[in-house]
Amino acid sequence: MAESLLFSIAQGVLGKIASPVFQEAVAIYSVEDQIRELKNTLAAITAVLLDAEEQQAKNNRLQQWLGRLRHVLCDAEDVLDELECEALRKRVISRYGGISEKVHRFFSLSNPVILRAKISHRIKEIRETLSKISIEKDQFNLNVRSADSGVAPLRSREMTYSFINKLDVIGRDVDKQKIIEILMRPNDKNLSVIPIVGIGGLGKTTLAKLVYNDDGVKEQFELRLWVCVPEDFDLKKTIDGIIKDATGQSLSNLDIQQSQTFLRNTIKDKKFLLVLDDVWSDDRSRWEELKALLIEGASGSKIIVTTRNSKVAFIMGTHPTHNLEGLSHEDSMAMFKKWAFDQKEKQPRLDLLDIGNDIVIKCQGVPLLLKTLGSLVYTKDEVRHWAHIRDSET
């Protein structure tokens, strides 16, 4: 594990660059060319990182080279996070069109030209530093190493999983109960589909996890299955993901004919709950192919779909869409305090709470923003740090 740490960080940066949310941010700031060059340079470095980390113990200069790379990767993560957060905020503005002038001022860019120039300059600095590091790598005669042996392959976005710490969730009890009520209704259909729709960061996956792990739901279904759907809704990968969750077996070596047979036999005559998380593709034909396989399950089987796309919900849903809204101000404040203050403190400082209240208004009930901005001020005791986040235009 230790020897592949930097390799994993580099993969994470490349994965973030490839994610849909980040690509949206890149388009906002018109930095496609710079990001493309940064990605290509980092990919060339990543190709030899496994070998470099293995050899560093006997080469002091190689250790220094890896140290410089580590620093620039941290800088890269920071600027990518900033871009991604900005795209999320713009989506919030679009979602909540009727917000007050004061709130809109928090999100608006007083001078987008200056902001774009600032971010472009930061990306340019990172790219130039990476280019130098990439040139320097040639002096070490490093070998290209594959990530196949024990290191996870690159993914275009973060994969999700079904576990959740319920203590981390605030303000979703009503939404949870509404979904569970639908799941518990008896019906004669072989398959019912409940779509959960909302903008990025609202907690669609979190809500699905709460329902999935509810004790009453566990008793209701013989099988509970979770899969994060590939962005292109690749049928083979989706089927294999369902099979792996049901059996613990990885059957990626099977062809599509063998996989679909295995899936139908696995769920045959069993009442199941399947979560199809983070569906992006609105290709109806892909869904119809998968649905044809899933009807092998027993009557009363249910599917929960989470998506940002209302068209996906229309195509897949058999129940009315559950449109997820932002948290109430009270719940938002509770979540922000959880991430911004040390939980051992009996009473947070009132001056920081006042500024925190303004920051919470800024977040418009979006849990990811509350968590992100709360984390930024965590351990910061000086008012100026909090005021900077409150007043920041970016």
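Whatever comes next refers back to the structure up there.
Bear in mind the structure is a predicted one, so any value in this text is a computation, not a measurement. (Residues numbered from 1 in each chain as written. Predicted model: local features only at pLDDT ≥ 70, side-chain atom pairs only at ≥ 80, totals over all residues. Heavy atoms only, no water.)

### Brief notes about the overall build of the protein
Part 1 of the reasoning: Along the protein, the regular secondary structure elements total 18 helices and 5 strands.
Part 2 of the reasoning: Burial analysis of the protein (394 residues in total) assigns 47% to the buried set.
Part 3 of the reasoning: In the structure as shown, the protein presents an accessible area of about 19800 Å², 50% of it carried by carbon and sulfur atoms. (Helix = DSSP H or I, 4+ residues; strand = E, 2+ residues; numbered from the N terminus. Buried < 20%, exposed > 50% of the residue type's maximum accessible area, 1.4 Å probe, protein only. Areas by Shrake-Rupley, 256 points an atom, 1.4 Å probe, with all protein chains shown as cover.)

### Let's talk about the nonpolar core
Part 1 of the reasoning: Core analysis: the largest hydrophobic core is formed by 40 residues, its most contacted members being Ile-179, Leu-183, Val-211, Ile-304, Phe-336, Ile-359 and Trp-386.
Part 2 of the reasoning: Where this core is concerned, the elements lending two or more residues are α8 (173-184), β1 (191-197), α9 (204-212), β3 (272-279), α15 (329-340), α16 (350-363), α17 (367-377) and α18 (383-391).
Part 3 of the reasoning: Among the elements that make up this core, the one with the highest residue count is α16 (6 residues).
Part 4 of the reasoning: Ignoring sequence-local partners within four residues, the contact set of Trp-386 consists of Phe-336, Ala-340, Phe-341, Leu-352, Ile-355, Gly-356, Ile-359, Val-377 and Lys-380.
Part 5 of the reasoning: In this structure, Ile-45, Ala-76, Val-79 and Ile-126 belong to the second largest nonpolar core, which totals 36 residues. (Core = buried A, V, L, I, M, F, W, Y, C linked by side-chain atoms within 4.5 Å. Contact = heavy atoms within 4.5 Å.)

### Observations concerning the sheet that holds strand β2 (residues 223-228)
Part 1 of the reasoning: Taken together, the 5 strands give an open sheet; going across it, the order is β2-β3-β4-β1-β5, and neighbouring strands pair in parallel fashion. Taken across any chain shown, the strands that pair with only one partner, and hence form the sheet edges, are β2 and β5 (322-323).
Part 2 of the reasoning: Relative to β3, β2 runs parallel, the two being bridged by 6 bridges. Considered in β3, the bridge of Leu-225 is made with Leu-274.
Part 3 of the reasoning: Contacts from helix α11 (residues 235-247) reach β2 and β3, with the element oriented near 140° to β2. (Pairing = 2+ DSSP bridges. Axes fitted to C-alpha atoms, helices over the stretch in contact; angles between N-to-C directions.)

### Details of empty space enclosed by the protein
Part 1 of the reasoning: Following the criterion strictly, the structure yields 1 cavity of 30 Å³ or more and no others.
Part 2 of the reasoning: In this structure, the largest cavity spans a volume of roughly 30 Å³.
Part 3 of the reasoning: As for the largest cavity, its lining consists of Ser-281, Asp-282, Asp-283, Arg-284, Trp-287, Val-312, Ile-315 and Met-316.
Part 4 of the reasoning: Only α13 (284-294) and α14 (310-316) provide two or more residues apiece to the lining of the largest cavity.
Part 5 of the reasoning: Counted by class, the lining of the largest cavity contains 4 nonpolar, 1 polar and 3 charged residues. (1 Å grid on protein atoms, 1.4 Å probe; cavity = no way out; pocket = protein on both sides within 12 Å on 5 of 7 lines; lining within 4 Å. Points joined across faces, edges and corners; volume = space filled by probe spheres on them. Nonpolar A, V, L, I, M, F, W, Y, C, P; charged D, E, K, R; others polar.)

### Some points on the pattern of salt bridges
Part 1 of the reasoning: Per the counting criterion, the structure on display carries 17 salt bridges.
Part 2 of the reasoning: For Glu-128, the salt bridge is made with Lys-124, and the minimal N-O distance between the two is 2.7 Å. Taken as a pair, Glu-128 and Lys-124 lie in helix α7 (residues 112-136) at a separation of 4 residues, close to a single helical turn.
Part 3 of the reasoning: The exposure class assigned to Glu-128 is partly exposed, which follows from its relative accessible area of 36%.
Part 4 of the reasoning: The residue Asp-391 makes a salt bridge to Arg-390 at a minimum N-O spacing of 2.9 Å.
Part 5 of the reasoning: Among the residues examined, Asp-391 registers a relative accessible area of 46% and is labelled partly exposed.
Part 6 of the reasoning: Each of Arg-264, Lys-268 and Glu-296 takes part in one network of salt bridges that share partners. (Salt bridge = Lys/Arg side-chain N within 4 Å of Asp/Glu carboxyl O.)

### Some details on the packing of α15 against α16
Part 1 of the reasoning: Running from N to C, α15 and α16 point in directions that differ by 120°, and their axes come no closer than 10 Å. Judged on the interaxial angle alone, α16 and α15 are oblique. Judged by the sense of rotation from one axis to the other, the crossing of α15 with α16 is right-handed. Along its contact with α15, which presents His-329, Ser-332, Met-333, Phe-336 and Lys-337, the element α16 presents Leu-353, Gly-356, Asn-357, Ile-359, Val-360 and Ile-361.
Part 2 of the reasoning: Its residues assigned to classes, the contact of α15 with α16 shows 6 nonpolar, 4 polar and 1 charged. (Parallel < 35°, antiparallel > 145°, perpendicular 65-115°, else oblique. Left-handed = near helix turned anticlockwise from the far one by under 90°.)

### A closer look at α16
Part 1 of the reasoning: The end-to-end C-alpha separation of α16 is 20 Å, in line with the 20 Å expected for 14 residues at 1.5 Å each.
Part 2 of the reasoning: Listed in full, the buried residues belonging to α16 are Leu-352, Leu-353, Ile-355, Gly-356, Asp-358, Ile-359, Val-360, Lys-362 and Cys-363.
Part 3 of the reasoning: A positive phi of about 50° marks Gln-364, the residue just after α16. (Expected span 1.5 Å × (residues − 1).)

### Considering the environment of Ser-252
Part 1 of the reasoning: Relative to the elements of secondary structure, Ser-252 occurs in the loop between α11 and α12 (256-267).
Part 2 of the reasoning: In contact with Ser-252, other than residues within four places in its own chain, are Lys-236 and Asp-240.

### Let's talk about the packing of aromatic side chains
Part 1 of the reasoning: Under the definition given, this model contains 4 aromatic pairs.
Part 2 of the reasoning: Look at Phe-336 and Trp-386: their rings are 5.9 Å apart centre to centre, the planes differ by 85°, and that puts the pair in the edge-to-face class. Of the two residues, Phe-336 is situated in helix α15 and Trp-386 in helix α18; the sequence distance between them amounts to 50 residues.
Part 3 of the reasoning: Judged by centre distance (5.1 Å) and plane angle (35°), the rings of Phe-341 and Trp-386 are tilted. Taken together, the residues span a long stretch of sequence, with Phe-341 in the loop between α15 and α16 and Trp-386 in helix α18 at a distance of 45 residues. (Phe/Tyr/Trp six-rings, centres within 6.5 Å; stacked < 30°, edge-to-face > 60°.)

### Remarks on the side chain of Asp-278
Part 1 of the reasoning: Considering the arrangement of structural elements, one finds Asp-278 in strand β3.
Part 2 of the reasoning: A residue is classified by how much of its surface remains accessible, and Asp-278, at 16% relative accessible area, is buried.
Part 3 of the reasoning: There is a polar contact of 3.1 Å between the side chain of Asp-278 and the side chain of Trp-280. (Polar contact = N/O pair within 3.5 Å; in protein donor to acceptor, adjacent residues only side chain to side chain.)

### Focus on unusual backbone geometry
Part 1 of the reasoning: In this structure, Phe-233 is a non-glycine residue whose phi angle is positive, near 55°.
Part 2 of the reasoning: Mapped onto the secondary structure, Phe-233 falls in the loop between β2 and α11.
Part 3 of the reasoning: Despite not being glycine, Asp-269 shows a phi value in the positive range, around 60°.

### Regarding the pairing of β1
Part 1 of the reasoning: Counted residue by residue, β1 has 7 buried out of 7 residues, so it is predominantly covered.
Part 2 of the reasoning: Alternating residues of β1 divide into Leu-191, Val-193, Pro-195 and Val-197 and Ser-192, Ile-194 and Ile-196, and every residue in both groups is buried.
Part 3 of the reasoning: The pairing of β1 with strand β4 (residues 301-307) spans 7 bridges and is parallel. Its bridge partner lying in β4, Pro-195 is registered against Val-305.
Part 4 of the reasoning: For β1 and β5, the ladder comprises 2 bridges, and the chain directions are parallel. Following the sheet pairing, Val-197 is matched in β5 by Asn-323.

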